[in-house]
Amino acid sequence: MPILGIDYEKCNDCQICYNACYRYFRRDKELNKMVFEDPNNLCDSCGRCIARCKSDAILYENFGEFLTFEEAQNPSTLISYDNMHKFMSAKRSIRGFKKKKVPKADLKKVLDTMKYAPTGANIRTLECTIISDNEKIKELSGVVMDAIIASRLPRYYENFIKAKKYGIDTIFHNAPHVMIIHSENPGDAMNSTIALTYGMLCAQTLGLGSCWIGLAHGVLSSSKEIQEKYTGIQGIVWGVIIIGYPTQIYYRVPPRPDIKTKGLEELE
Ligand SMILES: Cc1cc2nc3c(=O)[nH]c(=O)nc-3n(C[C@H](O)[C@H](O)[C@H](O)COP(=O)(O)O)c2cc1C
């Protein structure tokens, strides 16, 4: 349990900790101060109490990196809607890559952004495996292609047979890195998707391109044997992306249909 209590030297009794978390903070009338109580160790360590306390009076341990920057108080000052909208709408699935590995430091930056993605009840069980060995990527691509050919899905069958014959990687598109998100927690489906999405957006800020590879995810998650033999991953595979320096340039943003919405017209 990383929250240890309250530093009363710093606490000014503003009670914002209660506002951040009514579960484990309360005002004790007899003691005439705020107290932190979690007798059953139920606190999920979301850290909101630490982040909201202006006097930095929450005592904690093992929280790892704690970012403090002024804009955290008002994140809208960091990026405008127009820039964000352009940045997100210009994010394309990239399927052509330079034959260049991404520096470890940049992959670490991607992971460092992914770790800030929200997770249900702040349960942090996601793990990531990055495959960067070209031969291993090729081997896994071949196995995934074989599995899809064997399933005889009309959408892929003939194309994949041709691709195999000519040695074309229709799964990982010769990407320098394959990133797989996985865990032992059966509740991580949404958490993993959000985290990978954070990672892909972060990658774009570093000049990297990426693409979801649902085909590889489908094959890995339906065959424990392939999963363990070719990725070494135990547990549940939740998502697969490729990542690297793009060779593809998009000159414009393709149109997308509006999301069908109810309840907007009646608003001002
Ligand atoms: C869940 C999911 C699975 C996907 N699987 C694949 C895949 O296996 N191979 C691939 O080349 N693209 C895959 N894509 C990329 C989609 O084809 C792509 O997002 C879509 O065509 C829209 O293009 P855009 O991402 O450039 O806007 C996947 C995308 C998502 C969201």
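S.K.: Sorry if this is basic, but what is going on with the overall build of the protein chain here?
M.R.: Broken down by element type, the protein chain carries nine helices and eight strands. For 268 residues, the compact-globule estimate of 2.2 N^0.38 gives 18 Å, and the protein chain exceeds it by more than 25% at 23 Å. Oriented by its inertia axes, the alpha-carbon framework of the protein chain measures out at about 80 × 45 × 40 Å. Split into buried and exposed, the 268 residues of the protein chain put 35% on the buried side. Sequence separation of 24 or more characterises 75% of the internal contacts of the protein chain that already satisfy a separation of 6 or more. A total of about 17600 Å² of accessible surface is found on the protein chain, and carbon and sulfur atoms cover 54% of it.

S.K.: I would appreciate a short explanation of the site of the ligand in the present structure.
M.R.: Lining the immediate environment of the ligand, one finds R92, S93, R95, H173, C211, W212, I213, G214, L215 and R256. For the ligand, an oxygen atom lies 3.3 Å from a polar atom in the side chain of H173. With respect to the ligand, the backbone of L215 contributes an N or O atom lying 3.0 Å from an oxygen atom. Secondary-structure elements contributing two or more residues to the shell around the ligand are β7 (209–212) and α8 (214–222).

S.K.: Which parts of the structure should I look at to understand α8?
M.R.: Side chains of residues three or four places apart in an α-helix project in the same direction, reflecting 3.6 residues per turn. Those residues of α8 that fall on the buried side of the exposure criterion are A216, V219 and L220. Seen from one end, α8 has its buried residues packed into an arc of 95°, which puts them on one side.

S.K.: Would you take a moment to explain the domain arrangement of the protein chain for this structure?
M.R.: It is common to report an interface's size as the accessible area lost on association of the parts. Domain annotation of the protein chain identifies domain 1 (3–60) and domain 2 (86–244). For domain 1 and domain 2, the distance between their C-alpha centres works out to 40 Å.

S.K.: Explain the sheet that holds β7 here, please?
M.R.: Strand pairs in the sheet, formed through backbone hydrogen bonds, run parallel or antiparallel to each other. A sheet is described by the order of its strands in space; here four strands give the open sequence β5-β6-β8-β7, paired in antiparallel fashion. In the strand order of this sheet, the two ends are held by β5 (127–131) and β7, each with one partner. Averaged over all pairs of adjacent strands, the angle between their axes in this sheet comes to 25°, without regard to strand direction. In the sheet, strand β6 (residues 177–183) pairs with strand β8 (residues 236–244) via seven bridges, with the strands oriented antiparallel. Bridge pairing in β8 places V178 opposite I242.

S.K.: Quick question: what am I supposed to make of unusual backbone geometry here?
M.R.: In most cases, non-glycine residues show a negative phi, while peptide bonds are predominantly trans. Positive phi, normally seen in glycine, also occurs at D56, with a value near 55°. Residue position: D56 is located in the loop between α2 (48–52) and β4 (58–60). By relative accessible area, D56 is classed as partly exposed at 41%. Positive phi values are uncommon outside glycine, yet R152 reaches one of about 55°. Position of R152 relative to the elements: it lies in the loop between α5 (134–151) and α6 (157–166).

S.K.: Would you explain the side chain of T119 in this entry?
M.R.: In this structure, T119 sits in the loop between α4 (104–114) and β5. In this view, T119 contacts R124 and N191; residues no more than four positions away in its chain are not counted.

S.K.: Can you help me understand the packing of α4 against helix α7 (residues 189–205) in this one?
M.R.: Between two packed helices, what matters for the description is the angle formed by their axes and the separation of those axes. Close contact between α4 and α7 brings their axes to 8 Å; oriented N to C, the two are set at 135°. Here α7 runs oblique to α4, going by the angle between their axes. Crossing hand, α4 versus α7: right-handed. Contacts between α4 and α7 involve K109, V110, T113 and M114 from the former and A195, L196, Y198, G199, C202 and A203 from the latter.

The rules behind the values
Residues numbered from 1 in each chain as written. Predicted model: local features only at pLDDT ≥ 70, side-chain atom pairs only at ≥ 80, totals over all residues. Heavy atoms only, no water. Helix = DSSP H or I, 4+ residues; strand = E, 2+ residues; numbered from the N terminus. Rg over C-alpha atoms; globule rule 2.2 N^0.38 Å. Buried < 20%, exposed > 50% of the residue type's maximum accessible area, 1.4 Å probe, protein only. Contact = heavy atoms within 4.5 Å. Areas by Shrake-Rupley, 256 points an atom, 1.4 Å probe, with all protein chains shown as cover. Near = heavy atom within 4 Å. Polar contact = N/O pair within 3.5 Å; in protein donor to acceptor, adjacent residues only side chain to side chain. Arc of directions from axis to C-beta. Domains from an automatic or database assignment. Pairing = 2+ DSSP bridges. Axes fitted to C-alpha atoms, helices over the stretch in contact; angles between N-to-C directions. Parallel < 35°, antiparallel > 145°, perpendicular 65-115°, else oblique. Left-handed = near helix turned anticlockwise from the far one by under 90°.

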